[in-house]
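Observations on the three-dimensional arrangement
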Amino acid sequence: MATAIDIYKQLPKKNCGECGFPTCLAFAMRLASQKAELEACPYISEEAKESLGGVAPPIKLVKIRDVEVGDETVLFRHDKTFFHQTALALLLEDTDPRFDEKLKQVKELKFERLGQVLKIDMVAIGGTDSKKFAAAVEKAKDMPLILMGKPDVLEAGLKVSPGLIFPEADGFALAKEYKCPLVVSGTLEVLAERTKKANEAGVEDLVLDPKPEGRSMVEELTIVRRMALKGCKELGYPTIMMPQGPLEAALGIMKYASILILKDLEAALPLLTLRQNIYTDPQKPLQVEPKLYEIGKPGPDSPVFLTTNFSLTYFTVQGDIDSTKVPCYLMIVDTEGMSVLTGWAADKFTVEKVAKAIKETGLEKKVKHKTIVIPGLVARMSGELEEATGWKVKVGPNDSSNIPSFLKQK
Amino acid sequence: MANFEIPRENWTGRVQRIKIGESLEAGGANTLPFLKFEGDCPLPRLGMEIFDVDEDLGPEIKEAFPTKEPVGWAKAAVAKGAELLSLRLVGTNPERANRSTAEAVETVTKITKLDIPLIINGSGHEEKDKEVLRACAEATQGKNCFLGSAEPERYKSTAASALAYGHGVVGLTNIDINLVKQLNILLKDIGVPPDKILIDPMTGALGYGLEYTYSTIERIRLGALQGDEMFQMPILCYASEAWNTRDAQGKLGVEWEAVTGLACGTAGADILIMRHPESFIRLKKAFGGI
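These lines cover the structure that appears in this document, whether it is placed above or below. Keep in mind the model is a prediction, meaning the values are calculated, not measured. (Residues numbered from 1 in each chain as written. Chains lettered and ligands numbered in written order. Predicted model: local features only at pLDDT ≥ 70, side-chain atom pairs only at ≥ 80, totals over all residues. Heavy atoms only, no water.)

**A look at the overall build of chain B**
Counting its regular elements, chain B contains 9 helices and 10 strands. Overall size of chain B, expressed as C-alpha extent along the three principal axes, is 70 × 45 × 30 Å. Counting across all 290 residues of chain B, residues that qualify as buried make up 60%. Nonlocal contacts in chain B, meaning residues at least 24 apart in sequence, comprise 69% of its contacts between residues at least 6 apart. Only carbon and sulfur atoms are counted for the fraction: they give 46% of the accessible area of chain B, which is about 10900 Å². Chain B carries 32 positive and 40 negative side-chain charges, and their two centres are separated by 4 Å. (Helix = DSSP H or I, 4+ residues; strand = E, 2+ residues; numbered from the N terminus. Buried < 20%, exposed > 50% of the residue type's maximum accessible area, 1.4 Å probe, protein only. Contact = heavy atoms within 4.5 Å. Areas by Shrake-Rupley, 256 points an atom, 1.4 Å probe, with all protein chains shown as cover. Lys, Arg positive; Asp, Glu negative; His and termini not counted. Charge placed at Lys NZ, Arg CZ, Asp CG, Glu CD.)

**Some thoughts on the overall build of chain A**
Looking only at helices and strands, one finds 17 helices and 17 strands in chain A. Its C-alpha atoms give chain A principal-axis dimensions of roughly 75 × 60 × 40 Å. Burial analysis of chain A (410 residues in total) assigns 54% to the buried set. Long-range contacts, defined as pairs at least 24 residues apart, comprise 58% of the intrachain contacts of chain A with a sequence gap of at least 6. For chain A, the accessible surface area stands at approximately 18600 Å², while carbon and sulfur atoms represent 50% of it. Taking the average location of the 55 positive side-chain charges in chain A and that of its 57 negative ones, the two points are 4 Å from each other.

**Points about helix α14 (residues 351–360) of chain A**
Residue and element names in this part refer to chain A. The complete set of buried residues in α14 reads Val351, Val354, Ala355, Ala357 and Ile358. Looking straight down α14, one finds that the buried residues subtend no more than 160° of arc, so they occupy a single side. Across α14 from its buried face, at more than 90 degrees, point the exposed residues Glu352, Lys356, Lys359 and Glu360. Buried residues in α14 make contact with β14 (304–308), β15 (328–333), α15 (363–366), β16 (371–374) and α16 (382–389). (Arc of directions from axis to C-beta.)

**With respect to the side chain of A:Thr86**
Residue and element names in this part refer to chain A. Along the chain, Thr86 falls in the loop between β2 (67–70) and β3 (87–93). Among the polar contacts made by the side chain of Thr86, one reaches the side chain of Tyr279 at a distance of 3.2 Å. Not counting residues within four places of it along the chain, the set of residues in contact with Thr86 comprises Asp121, Gly252, Ile253, Ala257, Ser258, Ile259, Leu260, Arg275 and Tyr279. (Polar contact = N/O pair within 3.5 Å; in protein donor to acceptor, adjacent residues only side chain to side chain.)

**Notes on the interface of chain A and chain B**
Contact residues are listed per partner, giving 45 residues for chain A and 43 residues for chain B. The contact between chain A and chain B buries some 4000 Å² in all, and 66% of this surface belongs to carbon and sulfur atoms. Across the salt bridge formed by B:Asp247 and A:Arg113, the nearest N and O atoms sit 3.0 Å from each other. Taken together, the links from chain A to chain B amount to 12 residue pairs in polar contact (both at pLDDT 80 or more). Listed by contribution, the elements that provide at least two residues to the side of chain A that touches chain B are α8 (188–200), α9 (217–229), α10 (246–254), α11 (268–278), α12 (311–324) and α17 (403–409) of chain A. When grouped by side-chain class, the residues that make up the side of chain A that touches chain B number 24 nonpolar, 8 polar and 13 charged. (Buried area = accessible area lost by both parts, 1.4 Å probe. Salt bridge = Lys/Arg side-chain N within 4 Å of Asp/Glu carboxyl O. Nonpolar A, V, L, I, M, F, W, Y, C, P; charged D, E, K, R; others polar.)

**Some points on the pattern of salt bridges**
A complete count under the given rule lists 39 salt bridges over all chains for this structure. Within this structure, A:Glu266, B:Lys251, B:Glu255, B:Glu278 and B:Arg282 form a network of salt bridges that share partners.

**Topic: the sheet that holds strand β9 (residues 236–238) of chain B**
Residue and element names in this part refer to chain B. Taken in spatial order, the 8 strands line up as β8-β7-β6-β5-β4-β3-β10-β9 in an open sheet, and their pairing is parallel. What marks the edges here is a single partner per strand, and that holds for β8 (197–200) and β9. The sheet shows a mean angle of 25° between the axes of neighbouring strands, direction not considered. The sheet contact formed by strand β5 (residues 118–121) and strand β6 (residues 146–150) spans 3 bridges and is parallel. Residue pairing for β6: Ile120 is matched across the bridge by Leu147. Contacts from helix α6 (residues 177–189) reach β6, β7 (168–172) and β8 within the one sheet, and its direction differs from that of β8 by about 160°. Against the sheet, helix α8 (residues 250–267) contacts β9 and β10 (271–274), and its axis sits at roughly 170° relative to β10. (Pairing = 2+ DSSP bridges. Axes fitted to C-alpha atoms, helices over the stretch in contact; angles between N-to-C directions.)

This is the structure:
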């Protein structure tokens, strides 16, 4: 991989700003960290393009309307993060008598988890007949689409709306004419040849549909990802997979499928949740909303616990309180997603924040005992907190798994 | 394409192959899960979780098993195909049902008669666990059970009971790869052989911290394959944790547990413990199809 300085040497050094960055050096730095594309520079020389070819992301970013797939840079999420979450599509056949009903279902399916809306991203339409297909595409065209079928049927749909072309045979001509991304299928060797031919034919936005021979799909997708990251341009594209059931789909989410075509929505919630988990940036932990949570049906005499808004901390404490079957309040303070000790050390879990939270949540009106239980790990804040708030502070256990016995002793 | 060569990783390390009970082997991988083209990657062993009392269990489990009676439950789980069982003696907790140590020993003794590899867990009550695990270890001497759990702050008595009666230990840490290593070093230092240790990295269920568990397992496994002996013990995950979440109800609970188990297995778990027979069967089928 070229360094920013290596790249800078080959840039025009006009500092024109047309690439969107103030200087050529700034642009070079973005290129080196794969956060910009060389094509953004209108004055780049052919030689520079040639020699800096390695700057392009190892896996091409492909867009189907607002759905973006590909452009991954690592094999393991802990190495950095996965950038573009697996797009989930529901398969609908143009002959399906329940087409309208299923389309409505997929559009309406929405879950909210940790402040994010989880939904199915695309509809894949299987075409059998030009007329039926065109009608089906018309109905679904406000969703990002995958169009599947024989080339002549596909064309009828493409006249209605663009989408990712998933042809039963060669689709270069269609992809070129309608300027749509294209799926190519085959064994690894065939895929590499076809992507090369597609490029020669002027089709650059490609998605790979690997057909493993003597290997499993996980093996095949792992090999594709590894080879792409090692610089094999022919396999440097996002991938698509049609899983047989929910667990195969789950495997695809974890192991390198960029798009999944699902046959039904049966396991949509677990799959969407898994996707959220796997594609969360490990550097930016999931956070829960800072507020006063009710566990069970607490009343004016119920205990009040306090902890941070790091999702894992919240889930653990909430689970441990839940297991006691004692109704409680759980006050969550905004520590920008840090756990108790880290938040304390980084000055994010402070007396001021707790005092503010007590005030803003109106805790005073909910309980009459004016006592709050703080995590044992921040016992040191108790004196100051009592002074700042006038509340009585009780020091809870270091580990929330001891909350049950803590509540017993009370 | 002349230069088309499939990249194969040649790891230097291998996961310890261990035995649970008389003959159940686990571990042994020298590459990441499911990558048969480049090495050994045995599918995870699938076990089931049972309890001595059923007070915390939801209706899904109570309908699926005779949960009032742990030995009958164990038999039913074995009939469903469990390769091992993990028994949780939660009823011994003095703050809960407070079953006696003698009762726990009786339950354990009866279950070991079924000739099924067994993990014996206390209730999490530090003092009582010392007594219960020691007594259960003695009663099952030589059966090569695994005792759960040894934790960084409290591992000595569990390890001592295991060593005294020829059992192994499950080392439990809190989704933290550094603690995994520390605990394994501590266990090694007091004489627990590496083939008598299982790593329980703590399972965050789907939607409840799964991503932390997933990446911790991947990093432990990569460490093992890169040759770090303190990461080479097989990894044990409780997919059953899914049932302790709010999402896990009815049919969704089955999916929740199955996806949790699959994710742990994909990251590198060598042994998966399930609670519901349906998710157990789904996972078994899924692994068969990989």
